[in-house]
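Single-letter residue listing:
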Amino acid sequence: MRARAARLPAYALFAALLASAGLPIYIHAPKFYVDEYGVSLTALGSVLFGLRLLDVVQDPALGWLAQVLRARRAAAVAVAATVMALAMLGLFAVPAPVAPVLWFALMLTLVFSSFSFLTICFYAQGVAKADALPGAGHLALARWRETGALLGVCVASVAPLLLGLAFDRPFAGFAVGFAVLALWAGAAMRGEWRAAGLPLASGFGTVLRDAQARRLLLIALVNAAPVAVTSTLFLFYVELALDAPGWEGPLLLLFFLAAAGAAPLWGMWAERHGARRVLLIAMALGIMAFGGALLLGPGDVALFAVVCLASGAVLGADLTLLPAMFATRMSQISPSAAEGFGLWSFVSKLTLAFAAVALLPTLERVGLQNGAGDSSEASISLLIWFYAGVPCALKLLAIALLASTNDVEKP
């Protein structure tokens, strides 16, 4: 009842919208353009890398723009949500009217630019919202927000695959459903984009001069890398390494449902025992859970389902606790938060760029093909190491950074 009175379910719904436009697009879009248009993995990897390089300027600039438009935030959010929905329709529902790789680049630019702006506005508004909540407001809001986001990822990740069982153009159906969700989430958040009471901008310098904020941004950069690698390679791993085409949807659903179910529990444990301590435990469990994927091969679908269940549950901690820790710090040093989350958005997505440009072309060079071709044994072996070994090594680095940071929860 208190959550409904505080309109926290609306934040969960809007988070689901944003999540549907984030990670699932990295999972589905490259493979869709490979299968539908025959675009090479190298070309797609280069486009994805170029789009993320755009974020070097764009995300901080969008953070500045979100602050400039704070008095008109509701209108700005409505425009950005409309552009994102239309671009999603263009990406999946409209046959490419120009060269497919060019259309892919143009539509993704619109999707991700709108996504970035909306994410910055949403998390900045959340800082003000959480400060008005009783108790550990940032963790309480994070539980609703990240659980909603994970449920959105669940639906968006499997929707095209499930729609494919009944329709000839499942991705077009996904795009239409996304547009409907945009309307619903926008209506639910109506009235939440209030400028009254929002603090004035403090600038990027305030965030970057703060040692705790810099450390959290670095941890976010390293900790996002394992997810970037696995999301880029998941469909290829299931289809080629496990030789299990058709199981992608159920396995994705299991993974993200486990994350969504565990996220509120991680939040509650963090309120009792501290976010840093709980997150360190979760990261260590993540390596233990996901490392098993290194040992799997053709036909090991049931064992990989166990890996998905365990590693998904641990992911709930990553996606809930680290943003809440950063939001808490922003409320202390930069309450406007727009610039801070502009930087947060940038470092979180930069890893996806390097995953795409480093992994996909390398795999293609050693002989990895899509389902229509024959992949070499060496390429499949490298795929397994990229998919499971690299994320575990990166997670170890993230653990070392967080463990050596003793003051991230102190004012």
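Residues numbered from 1 in each chain as written. Predicted model: local features only at pLDDT ≥ 70, side-chain atom pairs only at ≥ 80, totals over all residues. Heavy atoms only, no water.

Engineer: Lay out the overall build of the chain in plain terms, naming residues and giving numbers.
Structural biologist: For the chain, the helix and strand inventory stands at 15 helices and 0 strands. Within the chain, buried positions represent 58% of all 411 residues. For the chain, contacts bridging at least 24 residues in sequence account for 84% of all contacts bridging at least 6. Of the accessible surface of the chain, which amounts to about 16200 Å², a share of 69% is contributed by carbon and sulfur atoms. (Helix = DSSP H or I, 4+ residues; strand = E, 2+ residues; numbered from the N terminus. Buried < 20%, exposed > 50% of the residue type's maximum accessible area, 1.4 Å probe, protein only. Contact = heavy atoms within 4.5 Å. Areas by Shrake-Rupley, 256 points an atom, 1.4 Å probe, with all protein chains shown as cover.)

Engineer: Account for a nonpolar patch on the surface, naming residues and giving values.
Structural biologist: A cluster of nonpolar side chains, contributed by Val79, Val83, Leu106 and Leu110, occupies part of the molecular surface with about 310 Å² of accessible area. Elements that contribute at least two residues to the nonpolar patch include exactly helix 5 (73–92) and helix 6 (100–131). Looking at the secondary structure, you find Leu110 in helix 6. (Patch = residues over 30% accessible without salt bridge, like charges linked within 9 Å, V, L, I, M, F, W, Y side chains within 5 Å. Salt bridge = Lys/Arg side-chain N within 4 Å of Asp/Glu carboxyl O.)

Engineer: An account of the packing of aromatic side chains is needed here, citing residue identities and associated values.
Structural biologist: Here the distance between the centres and the angle between the planes together describe a pair of aromatic rings. Enumeration over the complete set of coordinates arrives at 19 aromatic pairs. Ring geometry for Trp266 versus Trp269: centroids 5.2 Å apart, planes at 90°, classification edge-to-face. Taken together, the positions of Trp266 and Trp269, both in helix 11 (residues 248–273) and 3 residues apart, correspond to about one turn of that helix. Here Trp266 falls in the buried class, since its relative accessible area comes to 8%. (Phe/Tyr/Trp six-rings, centres within 6.5 Å; stacked < 30°, edge-to-face > 60°.)

Engineer: Before we move on, could you go through the nonpolar core and cite the residues and values that matter?
Structural biologist: With 145 residues, the main nonpolar core has Phe14, Met88, Leu91, Phe92, Tyr237 and Phe304 as its most contacted residues. Not counting residues within four places of it along the chain, the set of residues in contact with Phe304 comprises Phe234, Tyr237, Val238, Leu242, Leu251, Ala293, Leu296 and Tyr387. (Core = buried A, V, L, I, M, F, W, Y, C linked by side-chain atoms within 4.5 Å.)

Engineer: Go over helix 11, please, and point to the residues and values.
Structural biologist: Because each turn of an α-helix spans 3.6 residues, side chains separated by three or four positions end up pointing in the same direction. Counted at 1.5 Å a residue, the expected span for helix 11 with its 26 residues is 38 Å, and the 36 Å between its end C-alpha atoms agrees. Along its length, helix 11 shows its largest kink, about 30°, at Ala262, and proline Pro264 lies within four residues downstream of that point. Just downstream of helix 11 lies Gly274, where phi reads positive at about 100°. (Expected span 1.5 Å × (residues − 1). Bend = angle between axes of the 7 residues up to and from the residue.)

Engineer: Describe unusual backbone geometry, with residues and values.
Structural biologist: At Asp243, a position not held by glycine, the phi torsion is positive, near 50°. Position of Asp243 among the secondary structure elements: in the loop between helix 10 (211–241) and helix 11.

Engineer: Please provide a residue-by-residue account of the side chain of Thr119, values included.
Structural biologist: Examined against the element boundaries, Thr119 turns out to sit in helix 6. In this structure Thr119 comes out as buried when scored by relative accessible area, which is 14%.

Engineer: Account for the environment of Leu108, naming residues and giving values.
Structural biologist: Looking at the element boundaries, Leu108 is found in helix 6. Judged by relative accessible area, which is 1%, Leu108 ranks as buried. When the C-alpha positions of Leu108 and Ile25 are compared, they lie 8.8 Å apart, and in sequence the two are 83 residues distant. With near-sequence residues (within four places) excluded, Leu108 lies in contact with Ile25, Leu48, Leu51 and Leu91.

Engineer: Give a detailed account of the environment of Ala225, specifying residues and quantitative values.
Structural biologist: Relative to the helices and strands, Ala225 resides in helix 10. Each C-alpha atom of the pair Ala225 and Ala398 lies 9.4 Å from the other, and the pair is 173 residues apart in sequence. Once residues lying within four places of it in the same chain are set aside, the contact partners of Ala225 are Thr351 and Leu394.

Engineer: Before we move on, can you summarise the pattern of salt bridges with the specific residues and values?
Structural biologist: Evaluation of the coordinates by the stated rule reveals 1 salt bridge. Two residues, Asp318 and Lys395, come together in a salt bridge whose shortest N-O distance is 2.5 Å. Taken together, the residues Asp318 in helix 13 (residues 301–333) and Lys395 in helix 15 (residues 377–403) connect sequence positions 77 residues apart. By relative accessible area, Lys395 is classed as buried at 9%.

Engineer: Can you break down helix 2 (residues 8–20) residue by residue, with the values?
Structural biologist: Helix length check: helix 2, at 13 residues, gives a terminal C-alpha distance of 19 Å against a target of 18 Å (1.5 Å per residue), a fit within 8%. Buried within helix 2 are the following residues: Leu8, Ala10, Tyr11, Ala12, Leu13, Phe14, Ala15, Ala16, Leu17, Leu18, Ala19 and Ser20.

Engineer: Now, about the packing of helix 11 against helix 12 (residues 275–290): what can you tell me, with residues and values included?
Structural biologist: One can describe the packing of helix 11 onto helix 12 by two numbers: an axis separation of 7 Å at closest approach and a directional angle of 135°. Viewed along their axes, helix 11 and helix 12 adopt a mutual orientation that is oblique. Contacts between helix 11 and helix 12 involve Trp266, Trp269, Ala270 and His273 from the former and Ala275, Arg277, Val278, Ala282 and Leu285 from the latter. Tallied by class, residues from the contact of helix 11 with helix 12 come to 7 nonpolar, 1 polar and 1 charged. (Axes fitted to C-alpha atoms, helices over the stretch in contact; angles between N-to-C directions. Parallel < 35°, antiparallel > 145°, perpendicular 65-115°, else oblique. Nonpolar A, V, L, I, M, F, W, Y, C, P; charged D, E, K, R; others polar.)

Engineer: So what about the packing of helix 10 against helix 15? Which residues, and what values?
Structural biologist: It is the contact of helix 10 with helix 15, at a shortest axis distance of 9 Å, that shows an interaxial angle of 160°. Taken together, the axes of helix 10 and helix 15 are roughly antiparallel relative to one another. Helix-helix and strand crossings are classified by hand; for helix 10 and helix 15 the assignment is left-handed. Broken down by class, the residue content of the contact of helix 10 with helix 15 amounts to 24 nonpolar, 2 polar and 2 charged. (Left-handed = near helix turned anticlockwise from the far one by under 90°.)

Engineer: How would you summarise the environment of Val222 if you had to cite specific residues and measurements?
Structural biologist: Secondary-structure assignment places Val222 in helix 10. Along the primary structure Val222 and Ser348 are separated by 126 residues, whereas in three dimensions their C-alpha atoms are 8.7 Å apart. Excluding residues that lie within four positions of it along the chain, Val222 makes contacts with Leu394, Leu397, Ala398 and Leu401.

Don't take any of this as a statement about function, it's just geometry.
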